[in-house]
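The residues making up each chain are set out below.
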Amino acid sequence: MTTPSETPRPGPRPAKQTFAAAGEDVDVMAISPVQEEGMLTDDRPASPFDDDIVAKARELAARYPQSRSALLPMLHLVQSVEGYVSQEGVAFCADQLGLSEAEVSAVVTFYTMYKRRPCGEHLVSVCTNTLCAALGGDAIYQRLQEHLGSDGKPLGHEEVAGTPGEPGSIMLEHAECLAACDLGPVLQVNYEYYDNQTPEKAVELVDALRRGEKPAPSRGAPLSDFKSVERQLAGFFPEDTDAFRADVDGPSQAVETLRGAQLAADRGWTAPALPDDVPLPEVEHK
Ligand code: FES
């Protein structure tokens, strides 16, 4: 009988082959554990997960009473190395956490923050949810698609302008509500906010990124790159923790964010006080 830990490991595919499989059905193709016969060879490239990454993965697993709880940060750790989650990344997490590759794959394909094809140096996410769309988010996304496309073909969702991972390369995606509706239309670069955007401002921003510049976000931490942010999302921060904390913990609200609270304060509005003894509803025991 085959146990999950005995599942044959397909080994890494050449990056070109993995990316080439990234068509409409990339979610399945790129991480499917099903491999063609003959894919296992002895001349596999060295694992991208070196001793330092293995140590970090073990540190993550040890942070939780159940090691499998470390899967989400561990997938961010994988992305900090690879720039996406390859089949080898799936196998790495499965090995570290005693999970099957199918279990890891199910998580990777569920969350949009885990990329199944190599990302650019930067990830540009344009909010096209209802409020931002009505305020111009759809127009921003369309303009960036056209601006970043090539040969007259607009760039598609999760496609990369430039060579993935190379300086100045950009993965574009549309996103649903980036939780900054008060400042819409918004976009993010590597999850840092750029508020009150227009198509023109967005084009200027991506052009600066392609030139290797790091325009300051509207608030929060300074801009870095996708892989560095993934390392932080995994729970590993720069050595200069104080400076890092000062950036991240800096003011992140805008005038618009507090407008409702300010109006209430100006007009003397308060919420009704909660009674001390609120009867709890009966719970039906089955
Ligand atoms: S709708 Fe765009 S941030 Fe909420």
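Remember, it's a predicted structure, so these values are computed and weren't measured experimentally.

### Looking at the environment of Ala-70
Reasoning step 1: Along the polypeptide, Ala-70 turns up in the loop between helix H3 (51–62) and helix H4 (71–82).
Reasoning step 2: When the C-alpha positions of Ala-70 and Leu-97 are compared, they lie 7.9 Å apart, and in sequence the two are 27 residues distant.
Reasoning step 3: The contacts of Ala-70, once residues within four sequence positions are left out, are Leu-60, Ala-61, Arg-63, Tyr-64 and Leu-97.

### A short note on the sheet that holds strand S5 (residues 192–194)
The strands that make up a sheet are held in pairs by hydrogen bonds between backbone atoms, and each pair lies either parallel or antiparallel.
Reasoning step 1: In spatial order, the strands read S2-S3-S1-S4-S5; together these five strands make up an open sheet with mixed pairing. Edge positions in the sheet fall to strand S2 (159–161) and S5, since each has one partner strand and no second. Between one strand axis and the next, the sheet turns through 30 degrees on average, direction left out of account.
Reasoning step 2: Judged from the six bridges that link them, strand S1 (residues 122–127) and strand S3 (residues 170–175) form a sheet pairing that is parallel.

### Quick look at unusual backbone geometry
Reasoning step 1: Of note, the bond from Gly-184 into Pro-185 is cis; its omega dihedral lies within 30 degrees of zero at -5 degrees.
Reasoning step 2: Within the element layout of this structure, Pro-185 appears in the loop between S3 and strand S4 (187–189).
Reasoning step 3: A positive phi angle is found at Glu-158, which is not glycine, with a value near 65 degrees.
Reasoning step 4: The topology assignment puts Glu-158 in the loop between helix H7 (130–148) and S2.
Reasoning step 5: The backbone of Asn-190 shows a phi angle near 50 degrees, a positive value even though the residue is not glycine.

### A word on helix H5 (residues 87–97)
Owing to its 3.6 residues per turn, the α-helix brings residues three or four apart onto one side.
Reasoning step 1: Within H5, ten of the eleven residues are buried, leaving the element largely enclosed by the surrounding structure.
Reasoning step 2: In this structure, the buried side of H5 is in contact with H3, H4 and helix H6 (101–110).
Reasoning step 3: Gly-98 sits one or two residues past H5 and shows a positive phi near 65 degrees.

### Some details on the pairing of S3
Reasoning step 1: The element S3 is extensively covered by neighbouring structure, given that five of its six residues are classed as buried.
Reasoning step 2: Pairing analysis gives three bridges linking S2 to S3, with the strands arranged antiparallel. Considered in S3, the bridge of Glu-159 is made with Leu-172.

### A few points about the confidence of the model for the protein
Reasoning step 1: For the protein, mean pLDDT is 85; residues scoring 70 or higher make up 84% of the total.
Reasoning step 2: Counting contacts from residues 1–41, a segment whose pLDDT is below 50, to residues more than four positions away or on other chains yields 48 contacts.

### Observations concerning the pairing of S1
Reasoning step 1: Taking burial as the measure, the six residues of S1 include six buried ones, the bulk of the element.
Reasoning step 2: Of the two faces of S1, the one lined by His-122, Val-124 and Val-126 and the one lined by Leu-123, Ser-125 and Cys-127 are each fully buried.
Reasoning step 3: Two strands pair when backbone bridges link them, and S1 and S4 are joined in this way by three bridges, in the antiparallel orientation. Opposite Ser-125, over in S4, you have Gln-188 as the bridge partner.

About the criteria used
Residues numbered from 1 in each chain as written. Predicted model: local features only at pLDDT ≥ 70, side-chain atom pairs only at ≥ 80, totals over all residues. Helix = DSSP H or I, 4+ residues; strand = E, 2+ residues; numbered from the N terminus. Contact = placed C-beta atoms within 7 Å. Pairing = 2+ DSSP bridges. Axes fitted to C-alpha atoms, helices over the stretch in contact; angles between N-to-C directions. Buried ≥ 20, exposed ≤ 12 C-beta atoms within 10 Å, placed from the backbone. pLDDT = per-residue confidence, 0-100.

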